[in-house]
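Coordinates in review
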Amino acid sequence: MSAPVLELAGVHHAYPDGHPTLRGVDLHVHRGERVALLGPNGAGKTTLVLHLNGILRPEAGQVSVAGLPVDEEHLLEVRRRVGVVFQDPDDQLFMPTVGQDVAFGPRNLGLRGDELRARVEHALDAVGMGEHADRAPHHLSFGQRRRVAVATVLAMQPDVLVLDEPSSNLDPASRRELADILDRLDVTVLMVTHDLPYVLQLCERSVVLSEGRVVGDGPTGEVLADEALMAAHRLELPYGFDPRSVPPRTRATTQ
Amino acid sequence: MSGPHGHSLHFHGHSPIHRLPPEVKIAAALTFVAAVVATPREAVWAFGLHLLALVVVIAVAQVPAGFLARRMVIEVPFVVLAVTMPFISTGPTRPLGPFEVSVAGLWAGWALFAKGSLGALTALALAATTEAPDVVRGLARLRLPAQIVLIMSFMIRYLDVVSTELRRMRIARESRGHAVRGIRAWPVLASTAGALFVRSYERGERVHLAMLSRGFQGRVDLGEGGSAGGRDWLAAALPLTGAAIAATAWLSGAGR
């Protein structure tokens, strides 16, 4: 089997004040997997995400992406391979137009001309925003901006798409539209979220992070049905939602 | 997004002026303003011709006069200054109605008023026919230093975001019964401003983080796309007219 897309081994990290956020995280994500990262607020989920593309470096332990260690030498390659979509699209979209913003990442990778244009077009089409390339981000609806934020990362053709709270602040229709789009993408996904029904729909595997450690890892249906594990780590299903009432997602067929 | 968008200076249209590449319009507007400033103030007729040339451009762009007139209000402080000049300047005086006013002040006030108004009107015409992101694109193509272009681009992009945040904070304040009345409201307004600054600063950090995540290495290209063709530079007609008027005014001896 080839090297995992993401590999974390014994990753430790602490805030500048010494408060530990990650206390030895081990995690493997393989090509084609769709993994949810669950955990209460303050569990270290965002800190973990920022380790995946080298924004933060571990104090101890090792992070590698497709076999490459995350270090100064491989930083640009790592950032191409790990596409992070941040929670607030206004943080992600900073260029005057949607098209320029989607071009920003691939341009940093050295793409120009027709190749760059094709990437931008393809990425915007993938999220159903192909007609909005010339619009300013602040003229789009929130749901549209979230989709463009996904496109800005897809344009870099990442090995793994990392989504931080993809469904937050979306109305139900936008939430479903984004799910349809994510479902169609042929890419490895790591999704950080509190939206458990979304996880059951989109990710066949769930990892529970609590107080800087991985405390649960398994098929989403089983993790969500494990009442003891859920209760111990402040994870709660929405009222009336029974994960056993629907068939869980199985590993994607497109590989 | 609900609420007003940050492009109230722009008048949507499809005129030949609207379609011109932004860098051409910026260069034309700047040169025209320079010609206006270079025109000797004694050549009153020349300013009439400048205005006529500008009005023709505005007519071609089909921007309504009322639209520009309302936005010319920004010039009021300068007009007030221009009006006071004849009264506060020294030197030889002459009667004007019931007043005795300074001749030098009269000319200085006139020059400030005429050149200022033409400059403001030119800038408004540019803004009315060019959307803000295009102005940024044009400046980048005119080789303005990249850092300055980037700062302007961020300002345009985040003006709406920050003003929406400010509006939300105001609504939240008022919803808890706060009313801005007199000096006692100042500490509250000051802490609102402080909180807004901290939030914007933090947003700046998050934006930078998101840029780094997409491989940012210190360079952003804002000037992409086709550049102006030969025909587009026909827009030089406006500044050339302005320059011709200024030159004629000098040659006719008005400046001596």
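Residues numbered from 1 in each chain as written. Chains lettered and ligands numbered in written order. Predicted model: local features only at pLDDT ≥ 70, side-chain atom pairs only at ≥ 80, totals over all residues. Heavy atoms only, no water.

A word on the layout of surface pockets. Of the volumes computed, that of the largest pocket is approximately 1000 Å³. Surrounding the largest pocket, 43 residues form its lining, A:Thr46, A:Gln87, A:Asp88, A:Asp164 and B:Arg206 being those nearest its centre. Within the residue set of the lining of the largest pocket, elements represented by two or more residues are strand S2 (20-29), helix H1 (45-52), helix H3 (89-92) and helix H6 (142-154) of chain A together with helix H8 (146-175) and helix H9 (186-213) of chain B. Here the lining of the largest pocket takes five residues from H8(B), the largest share from any one element. (1 Å grid on protein atoms, 1.4 Å probe; cavity = no way out; pocket = protein on both sides within 12 Å on 5 of 7 lines; lining within 4 Å. Points joined across faces, edges and corners; volume = space filled by probe spheres on them. Helix = DSSP H or I, 4+ residues; strand = E, 2+ residues; numbered from the N terminus.)

Time to look at the nonpolar core. When a protein is soluble and globular, its nonpolar side chains tend to lie buried together. All names here are of chain A. Residues Leu 38, Val 102, Val 150, Leu 161, Leu 163, Leu 182 and Met 191 are the most contacted members of the largest nonpolar core, which totals 45 residues. If we skip the residues at most four places from it in the chain, Val 150 touches Val 85, Val 127, Leu 161, Leu 163 and Leu 178. Formed by 29 residues, the second largest nonpolar core is a distinct cluster that contains Leu 6, Val 29, Leu 37 and Leu 209. (Core = buried A, V, L, I, M, F, W, Y, C linked by side-chain atoms within 4.5 Å. Buried < 20%, exposed > 50% of the residue type's maximum accessible area, 1.4 Å probe, protein only. Contact = heavy atoms within 4.5 Å.)

Residues and elements named next belong to chain B. Mapped onto the present numbering, the UniProt feature "transmembrane region" (unreviewed entry) falls on residues 44-65, 72-88, 108-128, 140-159 and 233-251. End C-alpha atoms of residues 108-128 are separated by 30 Å, and the span's content is 100% helix alongside 0% strand. Here residues 233-251 is 79% helix and 0% strand, with 27 Å between the C-alpha atoms at its ends. (UniProt positions renumbered as here; feature names shortened; annotations may be inferred.)

Now for the domain arrangement of chain B. When the domains of chain B are assigned, the result is domain 1 (3-131 + 225-251) and domain 2 (140-213). Relative placement of domain 1 of chain B and domain 2 of chain B: their C-alpha centres are 32 Å apart. (Domains from an automatic or database assignment.)

For the rest of this paragraph, the subject is the side chain of A:Thr188. Residues and elements named next belong to chain A. Here Thr 188 lies in strand S8 (residues 188-192). Among the polar contacts listed, one links the side chain of Thr 188 to the backbone nitrogen of Gly 32, at a separation of 2.9 Å. Beyond its immediate chain neighbours, meaning those up to four positions away, Thr 188 contacts Val 5, Val 29, His 30, Arg 31, Gly 32, Glu 33, Asp 159, Val 160 and Leu 161. (Polar contact = N/O pair within 3.5 Å; in protein donor to acceptor, adjacent residues only side chain to side chain.)

Moving on, we come to a nonpolar patch on the surface. A contiguous nonpolar patch, built from B:Trp45, B:Leu49, B:Leu52, B:Val56 and B:Val60 and spanning about 450 Å² of accessible area, is present on the exposed surface. Tracing the backbone through its elements, the reader meets B:Leu49 in helix H3 (residues 44-61). (Patch = residues over 30% accessible without salt bridge, like charges linked within 9 Å, V, L, I, M, F, W, Y side chains within 5 Å. Areas by Shrake-Rupley, 256 points an atom, 1.4 Å probe, with all protein chains shown as cover. Salt bridge = Lys/Arg side-chain N within 4 Å of Asp/Glu carboxyl O.)

Residues and elements named next belong to chain B. If you check helix H10 (residues 237-251), its first and last C-alpha atoms are 21 Å apart, about what 15 residues at 1.5 Å a residue would give, namely 21 Å. Inspection of H10 places Leu 238, Pro 239, Gly 242, Ile 245, Ala 246 and Ala 249 among the buried residues, and these make up the whole buried set. Summarising the axial view, the buried residues of H10 lie within an arc of 120 degrees, below the 170-degree limit, and thus occupy one face. Looking at H10, the residues exposed on the side facing more than 90 degrees away from the buried face are Leu 240 and Leu 251. In this structure, the buried side of H10 is in contact with helix H2 (22-38) and H3. Downstream of H10 by one or two residues, Gly 253 has phi in the positive range, about 90 degrees. (Expected span 1.5 Å × (residues − 1). Arc of directions from axis to C-beta.)

Bringing the pairing of strand S1 (residues 93-96) of chain B into the picture now. Residues and elements named next belong to chain B. Judged from the four bridges that link them, S1 and strand S2 (residues 99-102) form a sheet pairing that is antiparallel. In the strand pairing of S2, Arg 94 is matched with Val 101. If you look at the hairpin formed by S1 and S2, you'll find two residues sitting between the two strands, and Gly 97 has a positive phi there, around 60 degrees. (Pairing = 2+ DSSP bridges.)

Attention now goes to the pairing of strand S10 (residues 213-219) of chain A. Residues and elements named next belong to chain A. When strand S9 (residues 205-210) meets S10, the two strands line up antiparallel, connected through six bridges. Bridge pairing in S10 links Ser 210 to Arg 213. As consecutive antiparallel partners, S9 and S10 are separated by two residues, and within that stretch Glu 211 has a phi angle of approximately 50 degrees, a positive value.

Moving on, we come to the interface of chain A and chain B. It is common to give the size of an interface as the accessible area that goes away when the parts come together. At the junction of the two partners, chain A supplies 30 residues and chain B supplies 29 residues. Among the residues chain A hides against chain B, the three largest losses belong to A:Asp91, A:Phe94 and A:His138. Together they make up 25% of the total. At the boundary of chain A with chain B, the tally comes to five salt bridges. Salt-bridge contacts for A:Asp91 lead to B:Arg206; the nearest nitrogen and oxygen are separated by 2.4 Å. (Buried area = accessible area lost by both parts, 1.4 Å probe.)

Another aspect to go through is the packing of helix H5 (residues 76-88) of chain B against helix H6 (residues 103-129) of chain B. Residues and elements named next belong to chain B. For the pair H5 and H6, the least separation of the axes is 7 Å and the interaxial angle reads 165 degrees. By the angle between their directions, the pair H5 and H6 is classed as roughly antiparallel. Along this stretch, H5 crosses H6, giving a crossing that reads as left-handed. Two secondary-structure elements touch here, H5 through Phe 78, Val 79, Leu 81, Ala 82, Met 85 and Pro 86 and H6 through Gly 105, Leu 106, Ala 108, Gly 109, Leu 112 and Phe 113. Class assignment for the residues of the contact of H5 with H6 results in 10 nonpolar, two polar and no charged. (Axes fitted to C-alpha atoms, helices over the stretch in contact; angles between N-to-C directions. Parallel < 35°, antiparallel > 145°, perpendicular 65-115°, else oblique. Left-handed = near helix turned anticlockwise from the far one by under 90°. Nonpolar A, V, L, I, M, F, W, Y, C, P; charged D, E, K, R; others polar.)

Before going further, it helps to examine unusual backbone geometry. The phi torsion at A:Gln157 lies on the positive side, around 50 degrees, for a residue other than glycine. With respect to the helices and strands, the residue A:Gln157 is situated in the loop between H6 and strand S7 (160-164). Note on A:Gln157: relative accessible area 43%, which makes it partly exposed. At B:Arg143, a position not held by glycine, the phi torsion is positive, near 65 degrees.

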